[in-house]
Amino acid sequence: MPTFGILHDFRQPLPHRQTTAAYLAECLEEVAEADRLGFDAVWMSEHHLTPDGLLPSPLVMAGAIAARTTKIQIGTNILVLPLHHPLRVAEDAAVVDLISGGRLVLGVGQGYAEHEFAAFGVNRRFRPSLLEEGLEVVRQALTDGRVRMRGRRWSLDDVPITPSPRRPVPILVGGVSQRALARAVRLGDGVLLYCGTPRDLRARCRVLDQVLGESDPTSTPEGTRRGARRRLARVCTGILHVAEDAEQAWAEAGAGIAYMERSIASDATPDAGTDLWSTTSLDPSDYLVGAPEQVADRLADLHAETGFDHFAHWVRLPGISHTRAMESLHLINSRLLPAVRERITRRQASTGRVPPPATPTRRPPGSAP
């Protein structure tokens, strides 16, 4: 059975209606409520120099979340590893894992926004090698407590690292293109996939299935997919919002979806003249937005088609109030997720196929299910 979580970017669209401190306090309350309700994980993104304050420091926020929660897994999705010194990432990750009681999941990727690399003085062309070598440094530091590295980007001679995490920290890798997904399969304990719509997620998962098949050419495609899901977790994040009826859900979420999609399309820093909130080009049926039972049917179908092990949704789309974000969170927990689980259980019983779990948020890397 898949698990479910929330995704938060902590951005407050302009014009700000409250102080940043007050807004962040509300966001942390939303995460704490998800923990109380039993959601499995909270994920945080990373971007820099954005006018709306999209979170630039996911491991700092992870520490704040660790202090306010007790059970929920705390993941970065993604931390842009090429922008950081990997030793510092390993040290910060170890501290978060210790204070959270072993709840950290480190999700990394190579990033894409040109203005971020320029501002940090990092050559964007070196993203793949910075990611690969940086990931090797982080793994050695978190697993062995020492780093020995001779690479093109990093050279470290038996450097001791303290403190050590409570347990091996799961490291997931994000990817979009076929090449990036192949790298994620090779380097990660799981793969992170973000898509705004179910249609795009299905397409991304088909590319991932192709990559997994190519990584084990002795297996049949179907056998490879089943085997890969046992070894490599598939963590999907996307847009989801529910209300008592479909019209209300879209009225609340539509403009925020438009804002977010256009921000992503413009490297998180859209032009000043762009109408970020216009929904005229959006089709509500493209998104997991509606009444709980409607969305449950679509999410269960999406699980059957993609085999996700974990699905997380944006807990507070741009423009949605704290009150409505909390109400929707409760509605998802009380009506949507039970309906999804019931549909998945019924489908598995009718087919006689129960895929093995591969949930990185609940097991250390490399462990067998």
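Nothing here was measured: the structure is a model prediction, and the numbers come from that model.

About the cut-offs
Residues numbered from 1 in each chain as written. Predicted model: local features only at pLDDT ≥ 70, side-chain atom pairs only at ≥ 80, totals over all residues. Heavy atoms only, no water. Helix = DSSP H or I, 4+ residues; strand = E, 2+ residues; numbered from the N terminus. Buried < 20%, exposed > 50% of the residue type's maximum accessible area, 1.4 Å probe, protein only. Contact = heavy atoms within 4.5 Å. Areas by Shrake-Rupley, 256 points an atom, 1.4 Å probe, with all protein chains shown as cover. Pairing = 2+ DSSP bridges. Right-handed = clockwise from strand over helix to strand, strands pointing away. Axes fitted to C-alpha atoms, helices over the stretch in contact; angles between N-to-C directions. Parallel < 35°, antiparallel > 145°, perpendicular 65-115°, else oblique. Nonpolar A, V, L, I, M, F, W, Y, C, P; charged D, E, K, R; others polar. Disulfide = S-S within 2.5 Å. Left-handed = near helix turned anticlockwise from the far one by under 90°. Patch = residues over 30% accessible without salt bridge, like charges linked within 9 Å, V, L, I, M, F, W, Y side chains within 5 Å. Salt bridge = Lys/Arg side-chain N within 4 Å of Asp/Glu carboxyl O. 1 Å grid on protein atoms, 1.4 Å probe; cavity = no way out; pocket = protein on both sides within 12 Å on 5 of 7 lines; lining within 4 Å. Points joined across faces, edges and corners; volume = space filled by probe spheres on them. pLDDT = per-residue confidence, 0-100.

*Asks:* Could you give me a rundown of the overall build of the chain, with the residues and numbers involved?
*Replies:* Per the secondary structure count, the chain includes 11 helices and 13 strands. Within the span of the chain, comprising 369 residues, buried residues form 55% of the whole. In the chain, of all internal contacts separated by at least 6 residues, the share reaching a separation of at least 24 is 72%. Summed over all atoms, the accessible surface of the chain reaches about 15,600 Å², with 52% contributed by carbon and sulfur.

*Asks:* Mind laying out the environment of W43, listing which residues take part and the relevant values?
*Replies:* Note on placement: W43 falls in strand β2 (residues 41–44). Sequence separation between W43 and T76 is 33 residues; the distance between their C-alpha atoms is 5.3 Å.

*Asks:* Summarise the pairing of strand β5 (residues 104–109); cite the residues concerned and give the values.
*Replies:* Among the six residues of β5, six are classified as buried, and the element is accordingly described as predominantly covered. With two bridges joining them, strand β4 (residues 79–80) and β5 adopt parallel strand pairing. Directly across from L79, in β5, lies its bridge partner V108. In this fold, β4 hands off to helix α3 (residues 86–99), which returns the chain to β5; that crossover is right-handed. Here β5 runs beside strand β8 (residues 171–174); their pairing, made up of three bridges, is parallel. Residue pairing for β8: V108 is matched across the bridge by V173.

*Asks:* Which residues make up the packing of helix α2 (residues 58–68) against α3, and what values go with them?
*Replies:* Two quantities define a packed helix pair, namely the angle between the axes and the distance from one axis to the other. It is the contact of α2 with α3, at a shortest axis distance of 9 Å, that shows an interaxial angle of 10 degrees. Classed by the angle they form, the pair α2 and α3 counts as roughly parallel. On α3, the residues touching L59, A62, G63 and A66 of α2 are V89, D92, A93, V96 and I99. A per-class count over the contact of α2 with α3 returns seven nonpolar, one polar and one charged.

*Asks:* Just give me the short version of the state of the cysteines, but keep the residues and values in it.
*Replies:* Per the counting criterion, the structure on display carries zero disulfides. In this structure C236 is a free cysteine whose sulfur lies 4.6 Å from that of C205, the closest cysteine sulfur available.

*Asks:* Report on the packing of helix α1 (residues 20–37) against α2, specifying residues and quantitative values.
*Replies:* Where α1 meets α2, the axes come as close as 10 Å, and the angle between the chain directions of the two elements is 55 degrees. Judged on the interaxial angle alone, α2 and α1 are oblique. Relative to α2, α1 is oriented so that their crossing is right-handed. Across the interface between the two elements, L24, L28, V31 and A32 from α1 touch M61, A64, I65 and R68 from α2. When grouped by side-chain class, the residues that make up the contact of α1 with α2 number seven nonpolar, no polar and one charged.

*Asks:* Describe a nonpolar patch on the surface, with residues and values.
*Replies:* Side chains of V95, L98 and I99 sit close together on the surface and give an oily, nonpolar patch of about 230 Å² of accessible area. Relative to the elements of secondary structure, L98 occurs in helix α3.

*Asks:* Explain the layout of surface pockets residue by residue, including any values.
*Replies:* Of the voids in this model, the largest pocket is the one considered here, and its volume is about 840 Å³. Lining of the largest pocket is provided by 34 residues; of these, H47, I78, Y112, V176 and Y194 occupy positions nearest its centre. Sorting the residues of the lining of the largest pocket by element identifies β9 (190–194), α7 (198–215) and α9 (246–265) as the ones contributing at least two each.

*Asks:* For the confidence of the model for the chain, give the residues involved together with the corresponding values.
*Replies:* Residues at a pLDDT of 70 or more form 89% of the chain, whose mean pLDDT is 90. Considering only residues more than four positions removed or in separate chains, one finds that residues 359–369, a stretch of pLDDT under 50, has 28 contacts.

*Asks:* How would you explain the environment of A233 if you had to name every residue and give the values?
*Replies:* Tracing the backbone shows A233 in strand β10 (residues 233–238). Exposure remark for A233: the relative accessible area of 4% places this residue in the buried category.

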